[in-house]
Amino acid sequence: MTTAAHDRLGYDPADLEDIPGTTIFTTAASRRAYQLHRFCMSLMKPENRAAFKADEGAWLDRFAMTAEQRQGVLDRDFNRLIATGGNIYFLVKIASTDGWSAQRAVSTMTGLSPEDYAAMMVAGGRPPEGNRSIKGGY
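Residues numbered from 1 in each chain as written. Predicted model: local features only at pLDDT ≥ 70, side-chain atom pairs only at ≥ 80, totals over all residues. Heavy atoms only, no water.

**Comments concerning the overall build of the protein**
Piece 1. Scanning the protein from terminus to terminus reveals ten helices and zero strands.
Piece 2. Here the protein holds 138 residues, and the buried ones make up 31% of them.
Piece 3. Contacts in the protein between residues far apart in sequence, at least 24 positions, make up 53% of those at least 6 positions apart.
Piece 4. Summed over its atoms, the accessible surface of the protein is roughly 8400 Å², and 54% of this surface lies on carbon and sulfur atoms. (Helix = DSSP H or I, 4+ residues; strand = E, 2+ residues; numbered from the N terminus. Buried < 20%, exposed > 50% of the residue type's maximum accessible area, 1.4 Å probe, protein only. Contact = heavy atoms within 4.5 Å. Areas by Shrake-Rupley, 256 points an atom, 1.4 Å probe, with all protein chains shown as cover.)

Here you go:
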């Protein structure tokens, strides 16, 4: 990264790539997930949510997602969708369409039940051990 870019951001994004369990949402990720995000935004309209719920596969055919993104939607695998470029602020529209709370959606990403996830967060969240930069910078 150039010094100017580093100064503009205040950090080098490469320094964040080694934090376990963390996916950095970048412009490149956004480009990869453009069709996924278009699909998510389509769920803002009640008639589109109804069409999706009536035949998920047919509704997804309208969007040129990757096969992995499409399967991630069908499986409601938010970790996979984030790994393929998805942004949680778009993805939560899928959970809302299913009648899920944000707590339930995010709990699926942790392997915890919604109740256990809430208890963990009330207790202060994930412990920092094992969730910090491997290089030790953050």
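**Topic: the layout of surface pockets**
Piece 1. If you add up the space inside the largest pocket, you get close to 560 Å³.
Piece 2. If you go around the largest pocket, you meet 19 residues; those closest to its centre are Gly-21, Thr-22, Asn-79, Ile-82 and Met-109.
Piece 3. Among the elements of the structure, α7 (78-83), α9 (102-110) and α10 (114-122) are those that each provide at least two residues to the lining of the largest pocket.
Piece 4. Taken together, the residues that form the lining of the largest pocket break down as eleven nonpolar, seven polar and one charged. (1 Å grid on protein atoms, 1.4 Å probe; cavity = no way out; pocket = protein on both sides within 12 Å on 5 of 7 lines; lining within 4 Å. Points joined across faces, edges and corners; volume = space filled by probe spheres on them. Nonpolar A, V, L, I, M, F, W, Y, C, P; charged D, E, K, R; others polar.)

**Here we look at helix α6 (residues 67-75)**
Piece 1. The complete set of buried residues in α6 reads Gln-69, Gly-72 and Val-73. Buried residues of α6, seen end-on, are gathered within an arc of 100 degrees and therefore sit on one face of the element.
Piece 2. Buried residues belonging to α6 abut α2 (27-32), α3 (34-42), α4 (46-54), α5 (56-60), α7 and α8 (88-97). (Arc of directions from axis to C-beta.)

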